[in-house]
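Structure assessment
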Number of protein chains: 2
Amino acid sequence: MLGTCANAECKTRGVRERRRKFWGWGYEGDGLAPAEVEALARRLADAFGPDAVRRHPPPRVEDLVLRPPRIEPPSSLRHLFTNVPHERAAHAYGKSYRDFVRAFRAEVPNPPDLVALPAAEEDVLAVLAWAGDERVAVVPYGGGSSVVGGVEPDVGNGYRGAVSLDLRGLDRVLEVDADSRSALVEAGALGPRLEAQLEPHELTLRHYPQSFEFSSLGGWIATRSAGHYATLHTHVDDFVQALRILTPRGVVETRRLPASGAGPSPERLFCGSEGTLGVITRAWMRLQERPRVRAAATVAFHEFAMGAKAARSVAQSGLHPANCRVLDPLEAFLAGSGDGSSALLLLAFESPGHDVAPWLAAALDLCREQGGIVEGTSPGGAVGAAGAWRRAFLRMPYVYEQLVAFGMLAGTFETAITWDRFEAFHDAVSGALSARTAELCGGALVSSRLAYVYPDGAAPYYTVVAPARAGAELEQWHSLKVAASEAILALGGTITHHHAVGREHRPWYQREVPPLVLDALRAAKQELDPQGILNPGVLL
Amino acid sequence: MLGTCANAECKTRGVRERRRKFWGWGYEGDGLAPAEVEALARRLADAFGPDAVRRHPPPRVEDLVLRPPRIEPPSSLRHLFTNVPHERAAHAYGKSYRDFVRAFRAEVPNPPDLVALPAAEEDVLAVLAWAGDERVAVVPYGGGSSVVGGVEPDVGNGYRGAVSLDLRGLDRVLEVDADSRSALVEAGALGPRLEAQLEPHELTLRHYPQSFEFSSLGGWIATRSAGHYATLHTHVDDFVQALRILTPRGVVETRRLPASGAGPSPERLFCGSEGTLGVITRAWMRLQERPRVRAAATVAFHEFAMGAKAARSVAQSGLHPANCRVLDPLEAFLAGSGDGSSALLLLAFESPGHDVAPWLAAALDLCREQGGIVEGTSPGGAVGAAGAWRRAFLRMPYVYEQLVAFGMLAGTFETAITWDRFEAFHDAVSGALSARTAELCGGALVSSRLAYVYPDGAAPYYTVVAPARAGAELEQWHSLKVAASEAILALGGTITHHHAVGREHRPWYQREVPPLVLDALRAAKQELDPQGILNPGVLL
């Protein structure tokens, strides 16, 4: 067996001392507390009846039957690879409902044959060169939080094998430029490790996707991740100052610039490329001072649609709140942020120094004009409903994991749409989700929120929880996914606002994007990855 | 002769009743008033001596010797073309110093053989199909304001001829979506025509490049134009919601979305493509309410560098002023905004409704911390120095035209650089410009401003005026351009922040952008324009 687990970990300079679950979210041993588990069970029993809640024990790596590795690295590169079962299993899936269900069933038909753990860029280049020569597929792996099959080495039969290229060994902040509030960061840094290195400089990237703890800078860029800013600079794309990408044909390094008009943006070609054009190894990122001044409020509305109108008004005002999210009554209730009778708009402003009370006051005026009732303001920032919601938001992946253990069908769907079509779109998509789950599961909790708002539209987010039929979970999920995706596509939305395309969204992505653009991207890929070894099956 | 002038104009539904100069800026008959001309002459004589100012009469189209058209359109498309000399001459050049000098000399070696004036998208497709079959180069033409040779049909010997494809007939706002504050606009609309159609809806694109009067929406998108917003959404890219592009292989139409994470942004592939990948014919643009509330101020600094530090502080504050420009003492003086002893920072905030006085107050606090002396604030907005500067800014192209008539070498250079390198970069670039012009012309006025500021850097802009040596203007200009561009490239800047690449910046562009990115773009072009007829010689 190549690279014992301890050795492999060692290569990452002791950063990762704990082992990640191969079947769920986070580290082994972490999850909901027993009291939380029981509270969730009671809530589900209330909604679906006492028999709806099953109890599946988590799988053990010893119970997996993993296909033996089909390939071996050359001896000169042996030190870069591991094939220990836990690592192979942990790199077989991302963190979607489908992934959790298959892992719970101990079904892992396409594990990577090898996991590569480069400690330096030269190692990445060496792996790419070898893989090209040997016709081995390479799946770049950051934090592994994909919910769309983006890191799953299901690469088809055209390859001798598949390697998961885990960048966790490249996780350092290499340089900080305080004048330009920028830093050169290695792409494998997970959220907490990135922020911990920036903190002594009193700077922050302030990019908090829900996956923050277990997703990497490179993964965010490769998937056009959206952070916790609800307005203005939502997608990580805007914070990318320059990129360094290793392709099978060599290194691409773009120039550090605050802006340029020189041809199509080179960085934007790689933002969203999902590992198909090259491996992002470093990025100069635009940072911010840590916010010191905050003002926040919660505004209640009788209906979600009213809250959405208020959010639109705020998004179009030029006030640029740091938080501006609308929760429907169920979403608010489930997150512990309301009594279930009102939709809530969570509003927050922040700054590195100047008072933001006038900003909040102007935004609250706009909310009142739309019928909002201001429930509470807090000069200190994220407290009350907003604080409760944020804590719940970051815990949510553990909840999904537990829902799977309880035998629930649990999924999230996200998209974006312009305001003119929002109401009809939202009714149709949430209606399709409710109707399909009712058919499939006899009933469901379907909640929604506006995760992000823009002057010209919103990004609605839907959460579905329903009792799955034991053994039919994947078919039920697929059926629901098709219903949601077809509705979204037909009504003019995007197949993904921030979950990316991966393997799961590909059929709809290829219908959303103009065919000639796909041709152009394929031609660009052919140029950078002539042997087609990079993440085959994703996007293109 | 094809299409008399009157007929050609007629095709544009009467939008353009007046004839544009082929040798300078704007309509025939427009320019500086006689008193302004004499004031400028006196100022130049003060700076360079009484003999420095020559008087060149503008050229007449009758004096041009234009190569006879080498191609003829098929009879079925005859109605789409004109070959009248004035139209051919007016489409031979953009509006750079080089262009003005060559037009004054009546040197027009590469006029388009034909000018196409499509009245509908089908006409564009027909022209592209015919041009592909006949190996004719097609140069998309919007407002013709390129200062980098972007519309000059200097396409080399690989083509049977060259057509300038003037989109002025496609200039309508087709649809307005007030809810999403967006409009579908034909790409040939020049700035004033675009805004005039939006005004009844109380909306504005609010994109004011210096070329506003004679540049088009499609041109702005194709060149990643920067508008008058000094911070936040500077480049037009951010306002593009969806695009429709006609390529030789067919139509590309992207989906109207407020945001998406589905693969690399299709729109960003075409922003900055400068007519090489397709002809942008329509765009859904993100608009804004017309600003109703303004607050402005002018802040004086002893030195440009102090003003730059204050601008950096404001740019990093999250206050997002609509204007935040720093003029060096000479720039302020020449624009009539100061007495020449101080650098000035022009600061303005605006909103559709809420008071912005607290924003201005917070920004002025930051300016005072950097040693700024607040010269005057205006709750009404752009008055005082800022107002004077803005008026001068929009008149500037007429000044350049007059400078050429006076025999001056007159050029502008623009770039962008991160803050950490700004001071050394600025000293070196302005130093290189002064030194080279002193060598070439015995002396020069070199002024500079920060045209745009970002949290991570600035876009400095340099203006050079010097007495040219009669007959050697182009060689002197080239020598100066090389000196500036080499300095910019060596010190880490970009060859263009908002003037685009065209033919003139191509050598430096190709050194600025990673070679593999150029390969990828070439592959994308090959896919969309397999015969290579679109704007050959630009970018790639």
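Above this text you will find the structure in question.
Reading the values: the criteria
- Residues numbered from 1 in each chain as written.
- Chains lettered and ligands numbered in written order.
- Predicted model: local features only at pLDDT ≥ 70, side-chain atom pairs only at ≥ 80, totals over all residues.
- Heavy atoms only, no water.
- Helix = DSSP H or I, 4+ residues; strand = E, 2+ residues; numbered from the N terminus.
- Rg over C-alpha atoms; globule rule 2.2 N^0.38 Å.
- Contact = heavy atoms within 4.5 Å.
- Areas by Shrake-Rupley, 256 points an atom, 1.4 Å probe, with all protein chains shown as cover.
- Lys, Arg positive; Asp, Glu negative; His and termini not counted.
- Charge placed at Lys NZ, Arg CZ, Asp CG, Glu CD.
- Buried area = accessible area lost by both parts, 1.4 Å probe.
- Salt bridge = Lys/Arg side-chain N within 4 Å of Asp/Glu carboxyl O.
- Polar contact = N/O pair within 3.5 Å; in protein donor to acceptor, adjacent residues only side chain to side chain.
- Nonpolar A, V, L, I, M, F, W, Y, C, P; charged D, E, K, R; others polar.
- Pairing = 2+ DSSP bridges.
- Axes fitted to C-alpha atoms, helices over the stretch in contact; angles between N-to-C directions.
- Buried < 20%, exposed > 50% of the residue type's maximum accessible area, 1.4 Å probe, protein only.

Below, the discussion takes up the overall build of chain A. A tally of helices and strands in chain A yields 16 helices and 19 strands. Relative to the 2.2 N^0.38 estimate, which gives 24 Å for 540 residues, the radius of gyration of chain A is 23 Å and therefore close to what a compact globule would have. With respect to the three principal axes, the spread of C-alpha positions in chain A is 70 × 60 × 45 Å. Considering only contacts in chain A between residues 6 or more positions apart, those separated by 24 or more positions represent 76%. Surface exposure of chain A reaches about 17800 Å², of which carbon and sulfur atoms provide 52%. Separation between the mean location of the 55 positive side-chain charges and that of the 62 negative ones in chain A comes to 3 Å.

Each side of the interface is counted separately: chain B has 84 residues, and chain A has 84 residues. Across the chain B/chain A interface, buried area totals approximately 6400 Å², and carbon plus sulfur atoms make up 61% of it. Three residues stand out in chain B for area buried against chain A, namely Arg-255, Pro-264 and Leu-516 of chain B, and they jointly supply 11% of the buried area on that side. Counting the contacts that link chain B with chain A gives eight salt bridges. Between Asp-179 of chain B and Arg-312 of chain A there is a salt bridge; the shortest N-O distance is 3.5 Å. Taken together, the connections running from chain B to chain A amount to 34 residue pairs in polar contact (both at pLDDT 80 or more). Per-class residue counts for the side of chain B that touches chain A are 39 nonpolar, 27 polar and 18 charged.

A word on the sheet that holds strand β3 (residues 136-141) of chain A. Residue and element names in this part refer to chain A. An order of β1-β2-β4-β3 is seen for the four strands of this open sheet, with the pairing classed as mixed. Strands at the two margins of the open sheet, each flanked by one partner only, are β1 (81-82) and β3. As defined by bridge partners, β1 adjoins strand β2 (residues 114-116) across two bridges and the pair is classed as antiparallel. Within the sheet, the bridge partner assigned to Phe-81 lies in β2 and is Ala-116. Packed onto the sheet, helix α5 (residues 121-134) meets β1, β2, β3 and β4 (161-166) and runs at close to 150° relative to β3.

What follows covers the side chain of His-86 of chain A. All names here are of chain A. For His-86, the location among the structural elements is in helix α3 (residues 85-90). Classification of His-86 as buried rests on a relative accessible area of 5%. When residues no more than four places from it in sequence are discounted, the contact partners of His-86 are Arg-19, Arg-20, Phe-22, Glu-28 and Val-61.

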